[in-house]
Amino acid sequence: MMSMTFGWSSSVTLLFDFWDVHGPAGMVLSVFVVLLLTVFYEVLKVWRLWLSSSSKLAQPQSAYTPPPTYRSDSTSALDSSPSESSLTPIETPPPTASTTSRWLLHAIQTALHMLQVSLGYMLMLCVMSYNTWIFLGVVLGSVLGYFISFPLVVQK
């Protein structure tokens, strides 16, 4: 039965039967691979955030006109209040390349989300091997990935 406490062993099986580590050299290589996967996970999170924020600039305007936001002293309160006329739909143009690009961007974001969730669960399963070296590789990869990708968040 597998131990449910963290240990310092250099022997572990990660995710699949073919990823069976025996010895210090294999452990160093496995920790390095897990570290790189975690850095990629963190960069992927920031990339999705960047894509989401840049796509908000291309969002279509609302199909309804906004209510008036100002009132002069010469107009009455009834004239400046929102009415049915302010809620009438604006003519929407037929689908254009912008609509197609929004769907393409949405499909890309969906694929990236699927990749991020899958990678996150795989990293969680690596940590659940209860090997301290692998755990430290995931933690250091997360720190390094955040450190590398944080300037990209600040730029936007």
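No experiment lies behind these values; they were computed from the predicted model shown. (Residues numbered from 1 in each chain as written. Predicted model: local features only at pLDDT ≥ 70, side-chain atom pairs only at ≥ 80, totals over all residues. Heavy atoms only, no water.)

Q: Before we move on, could you go through unusual backbone geometry and cite the residues and values that matter?
A: The phi dihedral of Leu-15 is positive, around 60°, even though this residue is not glycine. Here Leu-15 is to be found in the loop between β1 (11-13) and β2 (20-22). Within the chain, Tyr-130 stands out as a residue other than glycine whose phi angle is a positive 60°. In this structure, Tyr-130 sits in the loop between α3 (97-127) and α4 (132-155). (Helix = DSSP H or I, 4+ residues; strand = E, 2+ residues; numbered from the N terminus.)

Q: Break down the packing of aromatic side chains for me, with residues and values.
A: Within this structure, the stated rule accounts for five aromatic pairs. A ring pair is formed by Trp-8 and Trp-133, whose centres lie 4.9 Å apart and whose planes are at 75°; its orientation type is edge-to-face. Linking Trp-8 in the segment before β1 with Trp-133 in helix α4, this pair joins segments that are 125 residues apart in sequence. Overall, the relative accessible area of 37% leaves Trp-133 in the partly exposed class. Joined through ring pairs, the aromatic side chains of Phe-6, Tyr-130 and Phe-135 make up one cluster. (Phe/Tyr/Trp six-rings, centres within 6.5 Å; stacked < 30°, edge-to-face > 60°. Buried < 20%, exposed > 50% of the residue type's maximum accessible area, 1.4 Å probe, protein only.)

Q: Account for the pattern of salt bridges, naming residues and giving values.
A: Within the structure shown, the criterion is met by one salt bridge. For Glu-42, the salt bridge identified is with Lys-45, shortest N-O distance 3.4 Å. Residue Glu-42 and its partner Lys-45 are both found in helix α1 (residues 24-56); the two are separated by three residues, about one turn of the helix. Classification of Glu-42 as buried rests on a relative accessible area of 7%. Classification of Lys-45 by relative accessible area gives partly exposed; the value is 33%. (Salt bridge = Lys/Arg side-chain N within 4 Å of Asp/Glu carboxyl O.)

Q: Which residues make up the UniProt feature "transmembrane region" (unreviewed entry) in the chain, and what values go with them?
A: Following the UniProt record, one finds the feature "transmembrane region" (unreviewed entry) at residues 25-44 and 130-154. Secondary structure across residues 25-44 comprises 100% helix and 0% strand; the distance between its end C-alpha atoms is 29 Å. Secondary structure within residues 130-154 divides into 92% helix and 0% strand; the distance between the first and last C-alpha atoms comes to 35 Å. (UniProt positions renumbered as here; feature names shortened; annotations may be inferred.)

Q: With reference to specific residues and values, describe the environment of His-22.
A: If you trace the backbone, His-22 turns up in strand β2. Residue classification places His-22 among the exposed positions, given a relative accessible area of 57%. Along the backbone, His-22 and Ser-9 are 13 residues apart, and their C-alpha atoms lie at a distance of 9.2 Å. Once residues lying within four places of it in the same chain are set aside, the contact partners of His-22 are Ser-10 and Ser-11. In this structure the side chain of His-22 is engaged in a polar contact, spanning 3.3 Å, whose partner is the side chain of Ser-11. Side-chain polar atoms of His-22 contact the side chain of Asp-20, separated by 2.9 Å. (Contact = heavy atoms within 4.5 Å. Polar contact = N/O pair within 3.5 Å; in protein donor to acceptor, adjacent residues only side chain to side chain.)

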